[in-house]
Amino acid sequence: MRDFDPDAIAFATGHFIAGSNIDGPGERISVTRPSDARTYADLPVASAELIDRAVEDATHTVKRSGWATQPPRDRARAMRRWAELIEAKSEELGRLEALGSTRPIAQAVTGDVASTAEGIRFFAEWADKLGGDVAATRADHFGMIVSEPYGVVGAITPWNFPLSMASWKVGPALAAGNAIVLKPSELTPFSTVRLAELAVEAGIPPGIFNVVQGTGAVTGDALSRHPGIAKLSFTGSTRTGIAVMKAAAETGIKPVTLELGGKSPQLVFADADLDKAADCIASSLLANAGQACVAGSRLIVQRQATDTLVSALLARLSRIAPGPTWKSSTGFAPIISEIQARRIDAILARSRAQGAEVLLGGGRIEGHGGAFYQPTLLAGVDTDTAAVREEIFGPVLTIQSFDTEEEGFALADHPEYGLAAGVYTSDLGRGLRAVRQIKAGTVWINRYNRTLDFILPTGGYKSSGIGKDLGRQAVEANLRHKTVLIDIGA
Ligand code: NDP
């Protein structure tokens, strides 16, 4: 991977509706690069009227284009061509992703873009697999459950992994035969438009994948409320998820998939391979500088293993390579914005006032234009400490110790969140007891983080969300089911 010049990248800055780049009228906002805090573009804010136009157009397109009614394998073929095109353009897409987000170029190309292409391919394979069921009925009747696309689905994505988050929404929606209107985060808006342009180049009808730009308060809210959107899928914070669900319900009934925040535990027993556990915990915390919904940000370790594990973590968390996202040598991401960095400062300050002791880090990494945060280890915390309760979205790990298995399971449980958990033990029975005890959508044992096994659904328990992205479940969530009962005579 080569370094690139962030000032030499050309890209479309508008909306992408009906296959055309539209630089809408009205309000514009400026967009800043996290690596050096420089404003590099401005963005139109789609008004409620523009959302009307995008939804109306998508509604006509899905009817007119045959996207939903063609042989499903043709739909799959178009999506596979799209995946190939994404791979062919991986350097270009990776540069655009790295330019305005927190994703370093090397990771953007080999990680985000590669996984976006593979995700689209995975979803394409479902296009002809979920037609419905024949029901067991009495002999003179014939019962069927028929799967149908919704029509136009809406999606709202966050800033932390813009391309792959978009693929998790668009892939299942399109495979099921829907059109989509997607709003990316105003902080990272541009790579999603290029993804949509490539869909059209691959032969997906213009108007099937639309991107509307703007703020959450104006554009996101209008999309959530739009009565022409038959199903809504959102990834972001729990607070915004609640607002989206309310707005969606106020204008009619539609299903809402919510992938929300987390505060995931890393539960380590003394019988675990502690070196391996330290590797997994450190890489989860360093990935995207902790700005990941599944970041394992609460270490809960059996008392007799605490010192060994903490020393292993101190060594690993000190080896970082911060830098601008356009340098191929950068391995450690900037914080998305100064506002977010100040939020981390504030949570750390409150935690210190509550008695937390900083074992590592605890502040900014100076010398870069953008905000960078030191990997931080906090001891002396309990379940009431701000850093243990609140999702930080930064490279901060809290440490709590326990004696018995029961205490470990109790500490792992978070009062609000239940997105994921890591459990490290050499006792299979204990690992499986953890699976039963921990209330989270994903439990990883002796490993951490998602893989390219897209067949595994992802989603949260409790305030971490409703429904699943990925897996067969994500495609099913983009289909509705009609019951048919026929009298076929004696
Ligand atoms: P936000 O909740 O702030 O924003 C998410 C998206 O919602 C953005 O596109 C935002 O637009 C939009 N939005 C904001 N306000 C509204 C509104 N009133 N109505 C409709 N849309 C709105 O989250 P972040 O972008 O800060 O992302 C980080 C959060 O996402 C973390 O909490 C993280 O845990 C969660 N997340 C969860 C994942 C999961 O799989 N569970 C995966 C990745 C992230 P804008 O940016 O323009 O304001």
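Residues numbered from 1 in each chain as written. Predicted model: local features only at pLDDT ≥ 70, side-chain atom pairs only at ≥ 80, totals over all residues. Heavy atoms only, no water.

Enquirer: It is not clear to me how the sheet that holds strand β13 (residues 296-302) should be interpreted in this structure. Could you clarify?
Expert: Reading across from one edge, β14-β15-β16-β13-β12-β18-β19 is the order of the seven strands in this open sheet, with mixed pairing throughout. The sheet is open, and its two edges are formed by β14 (357-360) and β19 (442-445), each paired on a single side. Each adjacent strand pair in this sheet contributes to an overall mean axis angle of 25 degrees, direction not counted. Here strand β12 (residues 264-268) pairs with β13 via five bridges, running parallel. The residue of β13 that forms the bridge with Ser264 is Gly296. The strands touched by helix α10 (residues 306-317) within the sheet are β12, β13, β14, β15 (376-379) and β16 (396-402), with β13 carrying the most contacts at an inclination of about 150 degrees. (Pairing = 2+ DSSP bridges. Helix = DSSP H or I, 4+ residues; strand = E, 2+ residues; numbered from the N terminus. Axes fitted to C-alpha atoms, helices over the stretch in contact; angles between N-to-C directions. Contact = heavy atoms within 4.5 Å.)

Enquirer: When you look at empty space enclosed by the protein in this model, what are you seeing that I'm missing?
Expert: With the rule as written, the count across this model stands at four cavities of 30 Å³ or more. Quantified by volume, the largest cavity comes out at close to 90 Å³. By residue number, the principal contributor to the lining of the largest cavity is helix α5 (residues 162-175), which donates four residues. Here the lining of the largest cavity is built from residues that sort into eight nonpolar, four polar and four charged. (1 Å grid on protein atoms, 1.4 Å probe; cavity = no way out; pocket = protein on both sides within 12 Å on 5 of 7 lines; lining within 4 Å. Points joined across faces, edges and corners; volume = space filled by probe spheres on them. Nonpolar A, V, L, I, M, F, W, Y, C, P; charged D, E, K, R; others polar.)

Enquirer: Mind showing me how you'd approach the side chain of Thr235 here?
Expert: With respect to the helices and strands, the residue Thr235 is situated in strand β10 (residues 231-235). For Thr235, a relative accessible area of 9% gives the class buried. At 2.7 Å, the side chain of Thr235 forms a polar contact with the side chain of Lys169. Leaving out residues up to four positions away in the same chain, Thr235 has contacts with Ile156, Thr157, Pro158, Met165, Lys169, Glu259 and Asp469. (Buried < 20%, exposed > 50% of the residue type's maximum accessible area, 1.4 Å probe, protein only. Polar contact = N/O pair within 3.5 Å; in protein donor to acceptor, adjacent residues only side chain to side chain.)

Enquirer: How do you make sense of the site of the ligand when you look at a structure like this?
Expert: In the vicinity of the ligand, 30 residues are found, and the nearest of them are Trp159, Glu186, Ser237, Leu260 and Glu391. In the model, an oxygen atom of the ligand is placed 3.3 Å from a nitrogen or oxygen of the Gly216 main chain. For the ligand, an oxygen atom lies 3.3 Å from a polar atom in the backbone of Gly236. Protein chains bury 87% of the 890 Å² of accessible surface belonging to the ligand in isolation. At four residues, helix α7 (residues 216-225) tops the list of elements feeding residues into the shell around the ligand. When residues are assigned to domains, the shell around the ligand turns out to be shared by domain 1 (6-260 + 464-483) and domain 2 (265-453), each giving three or more. (Near = heavy atom within 4 Å. Areas by Shrake-Rupley, 256 points an atom, 1.4 Å probe, with all protein chains shown as cover. Domains from an automatic or database assignment.)

Enquirer: Before we go on, may I ask you to explain the nonpolar core in this structure?
Expert: Soluble globular proteins: nonpolar side chains tend toward being buried together. Counting 74 residues, the largest nonpolar core has Met79, Trp82, Ile86, Leu174, Ile204 and Phe209 as the members making the most contacts within it. With residues up to four places along the chain from it excluded, the contact list for Phe209 reads Phe16, Trp82, Val170, Ile180, Leu182, Thr192, Leu195, Ala196 and Ala199. In this structure, Leu299, Val301, Phe332 and Ala420 belong to the second largest nonpolar core, which totals 49 residues. (Core = buried A, V, L, I, M, F, W, Y, C linked by side-chain atoms within 4.5 Å.)

Enquirer: How should unusual backbone geometry be read in this particular structure?
Expert: For residues other than glycine, phi is negative in most cases, and the peptide bonds are mostly trans. Of note in this structure, Ala18 is not a glycine but carries a positive phi near 55 degrees. Inspection of the secondary structure puts Ala18 in the loop between β1 (15-17) and β2 (20-22). The backbone phi angle of Phe393 is positive, close to 60 degrees, even though this residue is not glycine. Relative to the assigned elements, Phe393 resides in the loop between α12 (386-389) and β16.

Enquirer: Just to check I follow, could you spell out the domain arrangement of the chain for this structure?
Expert: Buried accessible area, meaning the area lost when the parts come together, often serves as the stated size of an interface. Domain boundaries assigned for the chain yield domain 1 (6-260 + 464-483) and domain 2 (265-453). If you look at the interface, domain 1 gives 26 residues, while domain 2 gives 27 residues. Here domain 1 packs against domain 2, burying approximately 2,200 Å² in sum over the two surfaces, 64% of which is carbon and sulfur. For the domain 1 face of the interface with domain 2, the top three residues by lost area are Ser35, Trp159 and Ser464, together amounting to 25%. For the pair domain 1 and domain 2, the number of links is 11 residue pairs in polar contact (both at pLDDT 80 or more). Where the side of domain 1 that touches domain 2 is concerned, the elements lending two or more residues are α3 (90-100) and α4 (105-124). Here the element with the most residues in the side of domain 1 that touches domain 2 is α4; it accounts for four residues. (Buried area = accessible area lost by both parts, 1.4 Å probe.)

Enquirer: Explain the pairing of β13 to me, please; I cannot follow it from the model alone.
Expert: Regular strands place their side chains on alternate faces of the sheet. Counting buried positions along β13 yields seven of seven residues, so the element is predominantly enclosed. Since β12 and β13 lie parallel, the crossover through helix α9 (residues 274-286) that links them has a hand, and here it is right-handed. Both β13 and β16 contribute to a ladder of five bridges, which runs parallel. Following the sheet pairing, Arg298 is matched in β16 by Thr398. (Right-handed = clockwise from strand over helix to strand, strands pointing away.)

Enquirer: Please explain the environment of Glu91 as it appears in this structure.
Expert: Checked against the element boundaries, Glu91 lands in helix α3. Note: C-alpha distance between Glu91 and Val113 (22 residues apart in sequence) is 8.6 Å. Ignoring anything within four residues of it in the chain, the contact list for Glu91 reads Met1, Arg2 and Val109.

Enquirer: Sorry if this is basic, but what is going on with the packing of α9 against α10 here?
Expert: For any two helices packed against each other, one specifies the inter-axial angle together with the distance between the axes. Contact pair α9 / α10: the axes reach a minimum separation of 9 Å and the direction vectors enclose 45 degrees. As summarised for this structure, α9 and α10 are arranged oblique, according to the angle between their axes. α10 is crossed by α9, and the crossing has right-handed handedness. On the side of α9, the interface is formed by Leu274, Asp275, Ala277, Ala278, Asp279, Ile281, Ala282, Leu285 and Leu286, while α10 contributes Thr308, Leu309, Ala312, Leu313, Arg316 and Leu317. Residues belonging to the contact of α9 with α10 are distributed by class as follows: 11 nonpolar, one polar and three charged. (Parallel < 35°, antiparallel > 145°, perpendicular 65-115°, else oblique. Left-handed = near helix turned anticlockwise from the far one by under 90°.)

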